Amino acid sequence: MPHHADPKDSAHLPEDAGIETRAIHAGQAPDPVYGAVAPPIYQTSTFAFASPEQGERRFAGKEEGYIYTRLANPTTRMLEDCVASLEGGHAGIAVASGMGAVSTIFLGLLSQGDHVVMTDTVYGPSRLLLEHDLSRFGIDASFVDTSRTENLQQALRSETRLVFIETPTNPTLRLSDLAACARICHQAGALMVVDNTFASPVLQRPLERGADIVMHSTTKYINGHGDVVGGIIIARTAELHQRLLRARIYFGASMDPHQSWLVLRGLKTLPLRVRAAQDNAQSLARMLEDHPAVRRVIYPGLATHPQRVLASRQMEGPGSMIAFELAGGYEAGKALMTRVRLATLAVSLGGVETLIEHPASMTHAGLSAAELEATGISPALVRLAVGCESLADLEQDLSRALDSL
Ligand code: LCS
């Protein structure tokens, strides 16, 4: 496997640098050519060799250095090193989208006859990929509510190679106990992968709790500005990293340098954005809970969330996703989504702008009626991805729309 050099060395960072410092500096140092403080965009598909011998040495993995952007690129490498530092992993692998991360993990680590256990409520397409696509390659999967560890234990088979956990789940905000799940996976000889998109490394670092691989849709909090799709995978060990890097290179879901640069730019303010949005969400969740038009609010920061204790044990905060059901069901939800003005009716999340959507007919529309019911995605459920606008404006927008129902 060809290697690449590390031109951006962040050795100037103290070992114990805080997460705000690492989000800004990890993997980056002033440009060695002109001293540019902002990371340069190495918008090139290929890299010149000084001699045929150098090309040969690089391909043979005997010399560090860049070869070709699908394999590795300096701008992308800065992003990979920065997120790997935030998650506490060996190294990062940036890919074209969050689904590119999910598929690269499966294609890189699974073979015909293998079995996967996945949290039943995940981002719809992550489940559908296993159910409808990887099943064609002889890979079997079970979908269970991993918030109860006994379900995970029971679902494991001798062929289970991988357990894929999403916590908090999209969109029902159910939590799985990461440390307990990791113990169960490892006893069974399975790898544990965690989709950490909803929490971000600011609020939850699964590798510290025993996960082997963590992944993100960087489209969400990591980039945070609603303007670029992307994904990243961080492995705990060099061995897993090499297997996943090979899958990225051969299946070809590499992130483009300009895309990497945009994500790197957004990443610098990740801790600030995550906390600002979370403060807004905490207040909005209470407001929703007190409103007569609302039947039920799901938010890990509310006393009514059944896993509030687990949330405070394994997360540094409840985040900024809220799910709620209106007393008037789907019809009332549709009216609400039409009447809000500041919150935008759109899928996605984790950006500075507040978005509202209907999971059963949008993000999770590919699931069958039975699957939706089993996973608690009722027709009445509305998902609110809280952004960083002024709290008073968000409160006014939501309460005006709710009062009109
Ligand atoms: N994992 C999670 C938890 C997600 O929420 C998403 C996208 C993905 C993976 C896939 O990432 P992508 O390929 O889109 O970058 N979630 C979306 C959502 O809830 N609304 O729109 C997209």
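This report concerns the structure included in the present document. (Residues numbered from 1 in each chain as written. Predicted model: local features only at pLDDT ≥ 70, side-chain atom pairs only at ≥ 80, totals over all residues. Heavy atoms only, no water.)

## Considerations on unusual backbone geometry
In step 1: A cis amide bond links Thr167 with the next residue in sequence, Pro168, at an omega value of -10°.
In step 2: Structurally, Pro168 is set in the loop between strand E4 (160–166) and helix H7 (178–187).
In step 3: Here Asn170 and Pro171 are connected by a cis peptide whose omega angle stands at 5°.
In step 4: Among the structural elements, Pro171 can be located in the loop between E4 and H7.
In step 5: Of note in this structure, Ser348 is not a glycine but carries a positive phi near 90°.
In step 6: When you line up the elements, Ser348 lands in the loop between strand E10 (344–345) and strand E11 (355–357).
In step 7: Judged by relative accessible area, which is 22%, Ser348 ranks as partly exposed. (Helix = DSSP H or I, 4+ residues; strand = E, 2+ residues; numbered from the N terminus. Buried < 20%, exposed > 50% of the residue type's maximum accessible area, 1.4 Å probe, protein only.)

## Things to note about the nonpolar core
In step 1: Counting residues in each nonpolar core, the largest one holds 61 residues, and the members touching the most others are Leu79, Leu152, Val163, Met192 and Leu267.
In step 2: Of the residues forming this core, the biggest block, six residues, is contributed by helix H3 (residues 74–87).
In step 3: Viewed by domain, this core spans two of them, domain 1 (17–267) and domain 2 (271–403), each represented by three or more residues.
In step 4: Excluding anything up to four places from it in sequence, Leu267 contacts Ala23, Leu79, Cys82, Val83, Leu86, Ile222, Asn223 and Arg273.
In step 5: Counting residues in each nonpolar core, the second largest holds 31 residues, with Ile93, Met118, Ile213 and Ile249 among its members. (Core = buried A, V, L, I, M, F, W, Y, C linked by side-chain atoms within 4.5 Å. Domains from an automatic or database assignment. Contact = heavy atoms within 4.5 Å.)

## Side note on the pattern of salt bridges
In step 1: This model, assessed by the stated rule, comprises 22 salt bridges.
In step 2: One salt bridge in this structure joins Glu150 and Arg148, with 3.0 Å as the shortest N-O distance.
In step 3: With a shortest N-O distance of 4.0 Å, Glu159 and Arg157 are connected by a salt bridge.
In step 4: For Glu159, a relative accessible area of 31% translates into the label partly exposed.
In step 5: The partly exposed category is assigned to Arg157, whose relative accessible area is 32%.
In step 6: In the salt-bridge network here, residues are joined through shared partners; they are Arg57, Arg58 and Glu63. (Salt bridge = Lys/Arg side-chain N within 4 Å of Asp/Glu carboxyl O.)

## A short note on the site of the ligand
In step 1: Around the ligand lies a shell of 18 residues, among which Met99, Asp195, Ser217, Thr219 and Arg383 are the nearest.
In step 2: Taking Asp195, its side chain carries an N or O atom lying 2.6 Å from a nitrogen atom of the ligand.
In step 3: The backbone of Ser348 places a nitrogen or oxygen atom 2.9 Å from a nitrogen atom of the ligand.
In step 4: When isolated, the ligand has an accessible area of 480 Å², and the protein chains bury 93% of it.
In step 5: Its residues assigned to classes, the shell around the ligand comprises five nonpolar, nine polar and four charged.
In step 6: The two domains that each donate at least three residues to the shell around the ligand are domain 1 (17–267) and domain 2 (271–403). (Near = heavy atom within 4 Å. Polar contact = N/O pair within 3.5 Å; in protein donor to acceptor, adjacent residues only side chain to side chain. Areas by Shrake-Rupley, 256 points an atom, 1.4 Å probe, with all protein chains shown as cover. Nonpolar A, V, L, I, M, F, W, Y, C, P; charged D, E, K, R; others polar.)

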